[in-house]
Amino acid sequence: MVNYAEEARQLAAENQRRMSLLLDEIQAINEQTQATGRELADRLTADMDEFWTTHADELSEAAAEAEAQQRRQDEAREQRAAIARSMAARRAGQMVTPVDEEDEEDEEAAFYRRKSWLI
């Protein structure tokens, strides 16, 4: 006669044993993944630190050049706008006053407004 209850208990025990093995295997994989992740994060941090130290001068030079170029572009834009305003005022028949004459303490403007160019 077949003892189904005993066979069911054996199957349950075998299933429990296999499940325990799988859970242990999953836990080991998770621990290994966490360790690898920490190692990669540490290596990435070290690589980024090395990159910033080796390229800091280049980056600061590039930033300074970009700032200088932006300043030149702004100056050129202001100059073009002043020329456009001057041309519009001339077309309208108005007398144009140079921007430099508005600021009396501007040394450069005083240099260009002097009466004699003989030194």
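Residues numbered from 1 in each chain as written. Predicted model: local features only at pLDDT ≥ 70, side-chain atom pairs only at ≥ 80, totals over all residues. Heavy atoms only, no water.

Peer 1: Any chance you could explain the packing of aromatic side chains here in plain terms?
Peer 2: For the structure shown, the criterion picks out one aromatic pair. For the pair Phe51 and Trp52, a centre-to-centre distance of 5.5 Å together with 75° between the ring planes defines the contact as edge-to-face. (Phe/Tyr/Trp six-rings, centres within 6.5 Å; stacked < 30°, edge-to-face > 60°.)

Peer 1: Whenever I open this one, helix 1 (residues 4-91) confuses me. Can you help?
Peer 2: Residues separated by three or four positions in an α-helix point in the same direction, a consequence of the helix having 3.6 residues per turn. Here helix 1 contains 88 residues, and its C-alpha end-to-end distance of 110 Å is more than 12% below the 130 Å for a straight helix at 1.5 Å per residue. Maximal helix bending in helix 1 amounts to about 60°, located at His55. Of the positions making up helix 1, those classed as buried are Ala68, Ser86 and Ala89. Two or three places before Ala5, at the start of helix 1, stands the capping residue Asn3, its side-chain oxygen 3.4 Å from that residue's backbone nitrogen. (Helix = DSSP H or I, 4+ residues; strand = E, 2+ residues; numbered from the N terminus. Expected span 1.5 Å × (residues − 1). Bend = angle between axes of the 7 residues up to and from the residue. Buried < 20%, exposed > 50% of the residue type's maximum accessible area, 1.4 Å probe, protein only. Polar contact = N/O pair within 3.5 Å; in protein donor to acceptor, adjacent residues only side chain to side chain.)

Peer 1: Would you take a moment to explain the pattern of salt bridges for this structure?
Peer 2: Using the criterion set out here, one finds seven salt bridges in the structure. Salt-bridge contacts for Arg18 lead to Glu14; the nearest nitrogen and oxygen are separated by 3.0 Å. Of this pair, Arg18 and Glu14 both sit in helix 1, separated by four residues, roughly a single helical turn. Its relative accessible area of 52% is what places Arg18 among the exposed residues. A single network of salt bridges, built from pairs that share partners, joins Glu14, Arg17 and Arg18. (Salt bridge = Lys/Arg side-chain N within 4 Å of Asp/Glu carboxyl O.)

Peer 1: What's the story with a nonpolar patch on the surface in this structure? I'm lost.
Peer 2: A cluster of nonpolar side chains, contributed by Leu44, Met48, Phe51, Trp52 and Leu59, occupies part of the molecular surface with about 480 Å² of accessible area. If you trace the backbone, Leu44 turns up in helix 1. Its relative accessible area of 53% is what places Leu44 among the exposed residues. (Patch = residues over 30% accessible without salt bridge, like charges linked within 9 Å, V, L, I, M, F, W, Y side chains within 5 Å. Areas by Shrake-Rupley, 256 points an atom, 1.4 Å probe, with all protein chains shown as cover.)

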